[in-house]
Amino acid sequence: MKKITALLICTFLSFGIKAQSIIGAWEGYSTSENGDKLKNVVIFADGYQVISIYNATSGKFVHSNGGTWKLEGDMMTEKVEFDTDNPSRVDSEVSFEVIITENTIQIAGSEMKLTRLDNGTPGKLQGAWLMSGRIRDGKTQVRDTNRPRKTMKILSGTRFQWIAYNTETKQFMGTGGGTYTTLNGKYAENIEFFSRDDSKAGLSLEFNYELIDGKWHHSGLSSKGDPIYEIWSTRK
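Along each chain, the written sequence defines residue order, and numbers are assigned to residues from 1. In keeping with the model being predicted, local features are shown solely for residues with a pLDDT of at least 70 and side-chain atom pairs are shown and tallied solely at 80 or more, while totals for entire chains, interfaces and linings include all residues. Computation of side-chain values: all heavy atoms of the structure, hydrogens and water removed.

J.: Quick one: what's the story with the overall build of the protein chain, residue by residue and with numbers?
T.: Starting at the N terminus, helices and strands are each numbered in turn, a helix being any DSSP run of H or I of at least four residues and a strand any DSSP run of E of at least two. For the protein chain, the helix and strand inventory stands at one helix and 17 strands. For a compact globule of 236 residues, the expected C-alpha radius of gyration is about 18 Å, and the protein chain comes in at 19 Å, within 12% of that figure. When the 236 residues of the protein chain are sorted by exposure, 44% land in the buried category. Note on contacts: a residue pair qualifies if any of its non-hydrogen atoms lie within 4.5 Å across the two residues. In the protein chain, the share of contacts with a sequence separation of at least 24, taken over all contacts with a separation of at least 6, comes to 40%. Roughly 12700 Å² of accessible area belongs to the protein chain as shown, and the carbon and sulfur atoms make up 51% of that amount. In this treatment the radius of gyration is a C-alpha quantity, and the globule benchmark scales as 2.2 Å times the residue count to the 0.38 power. Relative accessibility thresholds used throughout: buried, under 20% of the residue-type maximum; exposed, over 50%; partly exposed, between the two (1.4 Å probe, protein chains only). Per-residue and other accessible areas were derived by the Shrake-Rupley procedure at a 1.4 Å probe size, with only the shown protein chains allowed to occlude residues.

J.: Kindly report on the pattern of salt bridges, identifying the contributing residues and their values.
T.: Counted as salt bridges are all cases of a side-chain nitrogen of Lys or Arg within 4 Å of a carboxyl oxygen of Asp or Glu. Counting across every chain of the model gives nine salt bridges. Residues Lys60 and Asp198 are paired through a salt bridge, measuring 3.4 Å at the closest nitrogen-oxygen approach. Pair noted here: Lys60 is in the loop between β3 (48-55) and β4 (61-72) and Asp198 is in the loop between β14 (186-194) and β15 (204-212), with a separation of 138 residues, a long-range link. Judged by its relative accessible area of 47%, Lys60 falls in the partly exposed class. On the basis of relative accessible area, Asp198 is assigned to the partly exposed category, the value being 29%. The shortest N-O distance in the salt bridge between Asp83 and Arg89 comes to 2.4 Å.

J.: So what's going on with the confidence of the model for the protein chain? Residues and values would help.
T.: Across the protein chain, the average pLDDT comes to 92, with 92% of residues at 70 or higher. In predicted models, pLDDT denotes the confidence assigned by the predictor to each residue on a 0 to 100 scale. In this model residues 1-17 is a low-confidence stretch, pLDDT under 50, and it forms two contacts with partners more than four residues away in sequence or in other chains.

J.: Please provide a residue-by-residue account of the side chain of Ser132, values included.
T.: One can find Ser132 in strand β9 (residues 127-136). Those residues in contact with Ser132 that lie beyond four places of it in its chain are Gln141, Val142, Arg143, Thr145, Ile231, Trp232 and Ser233.

J.: Could you give an account of the packing of aromatic side chains, with specific residues and numbers?
T.: Aromatic pairs are defined between Phe, Tyr and Trp rings, using the six-membered ring for Trp, whenever the two ring centres lie within 6.5 Å; interplanar angles under 30 degrees are classed as stacked, those over 60 as edge-to-face, and all others as tilted. The full count for this structure, using the stated rule, is 10 aromatic pairs. Geometrically, the ring pair formed by Trp129 and Trp216 is edge-to-face, given 5.4 Å between the ring centres and 75° between the ring planes. Residue Trp129 is found in strand β9, and its partner Trp216 is found in strand β16 (residues 215-221); the two are separated by 87 residues along the sequence. The buried category is assigned to Trp216, whose relative accessible area is 0%. Centroid distance Tyr187 to Trp216: 5.2 Å. Interplanar angle 70°. Geometry classified as edge-to-face. Taken together, the residues Tyr187 in strand β14 and Trp216 in strand β16 connect sequence positions 29 residues apart. For the residue pair Tyr187 and Trp216, the accessibility class agrees, reading buried in each case. Three or more aromatic residues joined by ring pairs form one cluster here, namely Trp129, Tyr180, Tyr187, Phe207, Trp216 and Trp232. Two conditions define a charge located above a ring, namely a distance within 6 Å from the ring centre to NZ of Lys or CZ of Arg, and an angle within 35 degrees of the ring normal. The ring of Tyr29 carries Lys37 above its face, with NZ or CZ at 4.5 Å from the centroid.

J.: Please set out the nonpolar core residue by residue, giving values where relevant.
T.: What makes a nonpolar core is a set of buried Ala, Val, Leu, Ile, Met, Phe, Trp, Tyr and Cys residues whose side-chain atoms join them at distances within 4.5 Å. One finds Leu125, Trp129, Leu155, Phe160, Tyr180, Tyr187 and Trp216 to be the most contacted residues of the largest nonpolar core, which totals 17 residues. Sequence-distant contacts of Phe160, that is, excluding residues within four places in its chain, are made with Ile43, Ile154, Leu155, Gly176, Gly177, Gly178, Thr179, Tyr180, Tyr187, Glu189, Asn190 and Ile191. Counting residues in hydrophobic clusters, the runner-up holds 16 residues, among them Ala25, Tyr48, Tyr54 and Phe61.

What follows is the structure, encoded as structure tokens:
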């Protein structure tokens, strides 16, 4: 009995280690039907993930989907919360076998192989966040993070992506992403794709940021030049 118990503990620990090992950002490349080179970026945070595809040269947005994930052995199970091409997939689950090494991930039977970009460091905001409030005219406006309409931001150690969507109506409202840094109280984004306006690709923005009682306070000017003060809470 002790041997069986020890074996089960080791097995569960190995699942946890393997799941932890994919936290971070990964990239791969593919070719569109018209011959354009496409960049595929996946970000895994604890319990949540997102993939986006965009033109590697121009930044023109092509596709994004994501939601929750879990890894049991070599089987990945994802529950879809948003899908830009096929909203009917929202709330469905899909399972598939993955081949994971220290620096690559590949779906069994697929030619696409993703290469590690980072392991969740060095950025200080790694994880999945939900917008939980704003400050306007000195007044705090609280947003219920349990409602179907969500604005989520997922960050690895070097990559970020925000997504606005509704799990009840299955509507997708927009997304954008790229690389980021956190240095000396400044959070800087380098936008590589923006679904609402492809011309924003290449734009760099800098914000003030501070972690207060576990919440991310984010202030500065938006991509439109409007002043913003957002509050983000870690997604559980």
